[in-house]
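# Notes for the structure review
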Amino acid sequence: MGREDKTPAEIRTTDKLKIQKILGDAGYVVEMGNGSVPTVVCKRREDMSKDLAAIRKILKEQRYEGSFGVRAPRKTDELITNENNENSDVMDEIVPAAG
């Protein structure tokens with residue numbers, strides 16, 4: 001017949017992991033929330049509406065009908081990002097000297 005309709009209770013963990021990988025490959029930062037819900041962490045709060053529309057399109061193409069989340073970055077997320085940027089600047093300075 002037609003495509004299989006799944007109720008939210010029938011969404012398997014493998015489906016969620018597949019979506020997590022697909023969204024990650026699309027360039028989004030994805031984490032699994034408290035209830036094992038794939039949650040996209042937007043880079044900026046202002047981008048949430050735009051990102052949400054793009055994420056819904058991807059999920060619709062994949063026929064994923066389970067729960068998902070989108071959230072703005074937390075202050076702690078920004079601290080980690082800033083630390084990574086500082087470390088990458090240091091590494092950029094070290095690499096040319098080694099070559």
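Relevant structure appears above.
What counts as what
Within every chain, residues take consecutive numbers counted from 1 along the sequence as written. Whole-chain, interface and lining totals are the exception, using all residues; otherwise, since this is a predicted model, local features are given only for residues with pLDDT of at least 70 and side-chain atom pairs are given and counted only at 80 or more. Side-chain numbers come from the whole structure's heavy atoms, not from hydrogens or water. In DSSP terms, a helix is any run of H or I states spanning at least four residues, a strand is any run of E spanning at least two, and both are numbered starting from the N terminus. The term nonpolar core refers to a set of buried residues drawn from Ala, Val, Leu, Ile, Met, Phe, Trp, Tyr and Cys, joined through side-chain atoms within 4.5 Å. Buried residues are those whose accessible area, probed at 1.4 Å on protein chains only, stays under 20% of the maximum for their type, while exposed residues exceed 50% and partly exposed ones sit between those limits. Residues are treated as being in contact if the distance between any of their heavy atoms lies within 4.5 Å. The criterion for strand pairing is that DSSP finds at least two bridges linking the strands in question. Here, axes are lines fitted to C-alpha atoms. For helices the fit covers the stretch in contact, and angles between N-to-C directions go from 0 to 180 degrees. Look down the strands so they point away from you; if the path from the first strand over the helix to the second goes clockwise, the crossover is right-handed. Angular relationships are summarised with four words: roughly parallel below 35 degrees, roughly antiparallel beyond 145, roughly perpendicular across 65 to 115, and oblique for the angles in between. With the far helix as reference, a near helix turned anticlockwise by less than a right angle produces a left-handed crossing, and one turned clockwise produces a right-handed crossing. Within this document, salt bridges are pairs made up of a side-chain nitrogen of Lys or Arg and a carboxyl oxygen of Asp or Glu, the two lying within 4 Å of each other.

Time to look at unusual backbone geometry. Its identity is not glycine, yet R63 carries a phi of approximately 60°, on the positive side. Here R63 shows up in the loop between α2 (48-61) and β3 (69-71).

In terms of nonpolar packing, the biggest core is built from 9 residues, these being I19, L23, Y28, V30, V40, I55, I58, L59 and Y64. Contributing elements (two or more residues each) for this core: α1 (13-25) and α2. The biggest single contributor to this core is α2, with 3 residues. Residues in contact with Y28, not counting those within four places in the same chain, are L23, V40, D51, A54, I55 and I58.

Moving on, we get to the sheet that holds strand β1 (residues 29-32). Ordered by their spatial adjacency, 3 strands build an open sheet running β1-β2-β3, and the pairing between neighbours is mixed. Two strands in the sheet have a free side with no partner beyond their single neighbour: β1 and β3. Each strand of the sheet is rotated relative to its neighbour by a mean of 30°, with strand direction disregarded. Where strand β2 (residues 38-41) and β3 come together, 3 bridges link them in parallel fashion. From the neighbouring strand, V40 faces β3, where its bridge partner is V70. Most of the contacts of α1 go to β1, to which it runs at about 160°, and overall it touches β1 and β2.

To continue, consider the pairing of β2. Along β2, one buried face is formed by P38 and V40 and the opposite face, lined by T39 and V41, is buried too. Bridging between β1 and β2 involves 4 bridges; their strand directions are antiparallel. Bridged to V30 within β2 is V40. As for the winding sense of the linkage, the β-α-β connection from β2 through α2 to β3 is right-handed.

Time to look at the packing of α1 against α2. Two numbers describe how α1 lies on α2: the axes approach to 11 Å, and their chain directions differ by 130°. Comparing the axis directions of α1 and α2 gives the class oblique. The handedness of the crossing between α1 and α2 comes out as right-handed. Between α1, through I19, I22 and L23, and α2, the contact on the second element is made entirely by I55, I58 and L59.

Another point: the pattern of salt bridges. Scanning all chains against the criterion turns up 4 salt bridges. Of the charged contacts, one joins D25 and K21 as a salt bridge, the two residues approaching to 3.0 Å between their closest N and O atoms. With D25 and K21 both in helix α1 and 4 residues apart, the pair spans about one turn of that helix. Across the salt bridge formed by R44 and D47, the nearest N and O atoms sit 3.3 Å from each other. A relative accessible area of 17% means that D47 is categorised as buried. Linked through salt bridges whose partners overlap, the residues forming this network are R44, E46 and D47.

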